[in-house]
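The chain contents come next:
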There are 2 protein chains.
Amino acid sequence: MKPNVGIREVAEHAGVSVGTVSNVLNHPKNVTPANLAKVQQSMIELGFVRNDLARQLRMGAGSTIGLVVLNISNPFFADLAHALEAEAEVNGHTVILGSSDQDAEREDRYIDLFEEQRVRGMLIAPLHGVTPRLSRLRSRGTPVILFDSSADPEHFCSVTLDGTAGGYMATNHLIDTGRRKILFAGGPFSQVGERLTGASKAAREHDGVTLSLMETNDLTVAEGREVGNKILAMPTTSRPDAIFAANDLLAVGILQSLILASDLSVPDDIALIGYDDIDFAASTMVPLSTIRQPRELIAREALRLLHEESDAGSGHVHGRHLFTPELVVRESTRPAERADA
Amino acid sequence: MKPNVGIREVAEHAGVSVGTVSNVLNHPKNVTPANLAKVQQSMIELGFVRNDLARQLRMGAGSTIGLVVLNISNPFFADLAHALEAEAEVNGHTVILGSSDQDAEREDRYIDLFEEQRVRGMLIAPLHGVTPRLSRLRSRGTPVILFDSSADPEHFCSVTLDGTAGGYMATNHLIDTGRRKILFAGGPFSQVGERLTGASKAAREHDGVTLSLMETNDLTVAEGREVGNKILAMPTTSRPDAIFAANDLLAVGILQSLILASDLSVPDDIALIGYDDIDFAASTMVPLSTIRQPRELIAREALRLLHEESDAGSGHVHGRHLFTPELVVRESTRPAERADA
DNA sequence: GATGCCAAATGAAACCTTTCAGCTCCAGGC
DNA sequence: GCCTGGAGCTGAAAGGTTTCATTTGGCATC
């Protein structure tokens, strides 16, 4: 079998010019039905497969979209990637994925790699906000959409979730269900700052509500368990009556520790709310209340902006697109039996 | 800023020929230090970024690897993808990911798409084994590595896990810890056939051990909970004393139902073992015993075979590479208090 | 029968790189 | 002073596609 069947071989075999074959592929309506049939027949017989590299080279714009996430092991990013991929596929685009694993060097490598591949655009959850490398990339013409609220809206489009609103929402919900001694667990604080800000705002607005903090190194199940154990180690009287965990993984870990201590009930003794609404949140021992981030919407909006930016050229106005998350109430924050204080 | 700075502009700016610029990029040792410096300086000044599309076109071989998995929402595949991506990145390759979501049409679309992109090779977890489309792809010269044990080892390389061994191992472990009435839960059976085969082999080899089956539609947490509820609905005397769940998601669901029924203890009344060793398995309420599939090894071997197949051309011998999984014992199969029957 | 028009087909140029045969130039050997 | 050899550089060709200015052919109009 011939290794490389090109448009030229097809043209020759069908007795037409290469231009016509190209038209069959891209503008079939400009081709006589007779020729169309002949060409398609030849394609099949020769086993022709269009070479997308040459196509993209010629057209200048790739059909690939680069995605760089912080950590693909985090179900939130995995789901986001899945949503983006599904959404991109609708337009015939392909997503190439890079997981920076919270490493600036890896992030840089992926950005360079994707730029060399002439991706149509990049979607990035940046580790340290907008780096010079990112600015250069942008100024060279590659559309960039950030998942980061600290991005300068003058020069970059960003799609973000309103972490402050989410934190506020979660904390208010705890207060509404009668809790007063609230613990915020999460960290590093630099990464969950907005959620914390929202939480502390809500706490300040209510008399008699105290907010204490417990910083973690990471947002994992294992860290969550440690948080849980620390709480169990507290004297009963000083324990919080509600915990706001900065993400669901952490919440799952906390839940595990607390439930193991059989003298403590969630939600009766301590309410618990997480963040992200990962698929597991609904399936934990005590189904977890959480803040849902509308992944599909984010995915759709990010791609919409990407296309806008790459199509509209200069007419496009950058901006920060903020999504408001949504409270999902499940069992873990059911009002305590003893009603509100 | 000039939109497209090519090798030609760089050459002109540096006062050398395009060939020399190309050599700077690909064979720096053949270039005078003086020229090398000049060219590199020009590259920086002009903001040159090598166009990988043209490069791949010219070189004939892409640097991208296509991966098609059954369902990226399954943590096992997510982790596999992650491992593959990390491994590929070492060689400067990029992985493009497609999730067929168990849909044959989507699988086909991705295969076509990737072939048009002239990927260096494809890694596929096929839905229905080797389809004609796959054979065509292969015969046109794209290396294909399958994650499927039913593949014809004459014509395809495959990297698979010995599901029979895993099933045997899991079941034997249950028997070793004193269980006799074992339930295999999972499905559709067509997808978990090997595990079932292994389980039934182990059961047959031991007198007094019975194996019953419960088929599920899918391998999800939700299905697992249903399985759990069905078991709880059984009269106490006919309940199994051990469950082998065909994957961890299922096991997690089962565990949740069983634990909620406070009169039943895992592992004292019913032991439970899963399959895959997803990250969550260690973090469930009762840490889950499971069968670990060596993801990193699989990833490495798959890529090794891919390179071998694409380099060695005809000298390469296809084959089926079987990995033996590994038993991971955790709390959920601790021998029952009352010792063996 | 000549003219004009439009749809359809043509084929060369362009996209950007790598490769490679051939060229230049210089050092060293005789 | 001439020749040889080799290091370094050059520039055209190739890789497969799309685009577009031209050409072709058919048909209606006058």
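Everything that follows concerns the structure shown earlier in this document.
Here the residue index of a chain counts from 1 through its sequence in written order. The naming scheme follows written order: chains are lettered A onward, ligands numbered 1 onward. The model is predicted, so local features are restricted to residues of pLDDT at least 70 and side-chain atom pairs to those at 80 or more, both for listing and for counting; the totals for chains, interfaces and linings are taken over all residues. Heavy atoms from the whole structure form the basis of all side-chain values; hydrogens and water molecules are not counted.

What about the nonpolar core?
Going by this rule: The nonpolar core is taken to be a set of buried Ala, Val, Leu, Ile, Met, Phe, Trp, Tyr and Cys residues, with the residues joined through side-chain atoms within 4.5 Å. Think of it in three bands: with a 1.4 Å probe and only protein chains considered, a residue is buried below 20% of the maximum accessible area for its type, exposed above 50%, and partly exposed in between. Should any heavy atoms of two residues lie within 4.5 Å, those residues are considered in contact.
If you look at the biggest cluster of nonpolar residues, it comprises 84 residues, and the most contacted ones within it are I243(A) and I243(B). Those residues in contact with I243(B) that lie beyond four places of it in its chain are L174(B), L183(B), A185(B), I231(B), I254(B), L258(B), I270(B), A271(B), L272(B) and I273(B).

Considering the relation of the copies chain A and chain B
What counts is decided by this rule: Superposition of the copies used a least-squares fit over C-alpha atoms from residues whose pLDDT is at least 70 in both.
In the superposition of chain A on chain B (RMSD 0.2 Å, axial shift 0.1 Å), the rotation amounts to 180°. In the structure described here, the two chain copies are related by an operation that fits a two-fold rotation axis. Residue I96(A), judged by its C-alpha, is the member of chain A lying nearest the rotation axis, at 2.3 Å. When you check the interface residues of chain A against chain B, 98% turn up at the interface there too, and the contact is symmetric in its surfaces.

Digging into the environment of G163(B)
Selection criterion: Helix numbers and strand numbers start at the N terminus; a helix is a DSSP run of H or I with at least 4 residues, a strand a run of E with at least 2.
With respect to the element layout, G163(B) can be found in helix α8 (residues 163–176). When the C-alpha positions of G163(B) and G319(B) are compared, they lie 17 Å apart, and in sequence the two are 156 residues distant.

Here we look at the pairing of strand β2 (residues 94–99) of chain B
Residues and elements named next belong to chain B. Test applied: We treat two strands as partners when DSSP finds at least two bridges between them. Here, the term right-handed applies to a crossover whose path from the first strand over the helix to the second runs clockwise when the strands point away from the viewer.
In terms of residue burial, β2 counts as a mostly covered element, since 6 of its 6 residues are buried. Where burial is concerned, the two faces of β2 agree: the one with T94, I96 and G98 and the one with V95, L97 and S99 are both buried. Relative to β2, strand β1 (residues 64–69) is paired through 6 bridges, and the arrangement is parallel. Looking at the pairing, V69 lines up with S99 of β2. Remark: the β1/helix α5 (residues 75–90)/β2 crossover connection has right-handed handedness.

Some details on the side chain of T64(B)
Mapped onto the fold, T64(B) is located in strand β1. For T64(B), a relative accessible area of 8% translates into the label buried. With residues up to four places along the chain from it excluded, the contact list for T64(B) reads Q117(A), Q56(B), T94(B), I96(B), V119(B), R120(B) and G121(B).

Observations concerning the protein's contact with DNA strand C
Applied cut-off: To be near a molecule or strand, a residue needs just one of its heavy atoms within 4 Å of it. Counted as a polar contact is a pair of N or O atoms within 3.5 Å, where, for protein atoms, one must be capable of donating a hydrogen and the other of accepting one, and residues adjacent in sequence contribute only when both atoms are in side chains. Ten residues, namely Ala, Val, Leu, Ile, Met, Phe, Trp, Tyr, Cys and Pro, are considered nonpolar, four, namely Asp, Glu, Lys and Arg, are considered charged, and the remaining ones, Gly among them, are considered polar.
The environment of DNA strand C is formed by 24 residues, the closest being S17(A), T20(A), N35(A), I7(B) and R58(B). Each atom of DNA strand C within 4 Å of the protein was classed as base or backbone; sugar and phosphate made up 72%. Backbone polar atom of S17(A) to a phosphate oxygen of DNA strand C: 2.7 Å apart, as the coordinates give it. At 2.8 Å from a phosphate oxygen of DNA strand C is found a side-chain nitrogen or oxygen belonging to T32(A). Among the elements of the structure, α2 (18–26) and α4 (52–59) of chain A together with α2 (18–26) and α4 (52–59) of chain B are those that each provide at least two residues to the surface near DNA strand C. For the surface near DNA strand C, the leading source of residues is α4(B), giving 4 residues. Here the surface near DNA strand C is built from residues that sort into 7 nonpolar, 13 polar and 4 charged.

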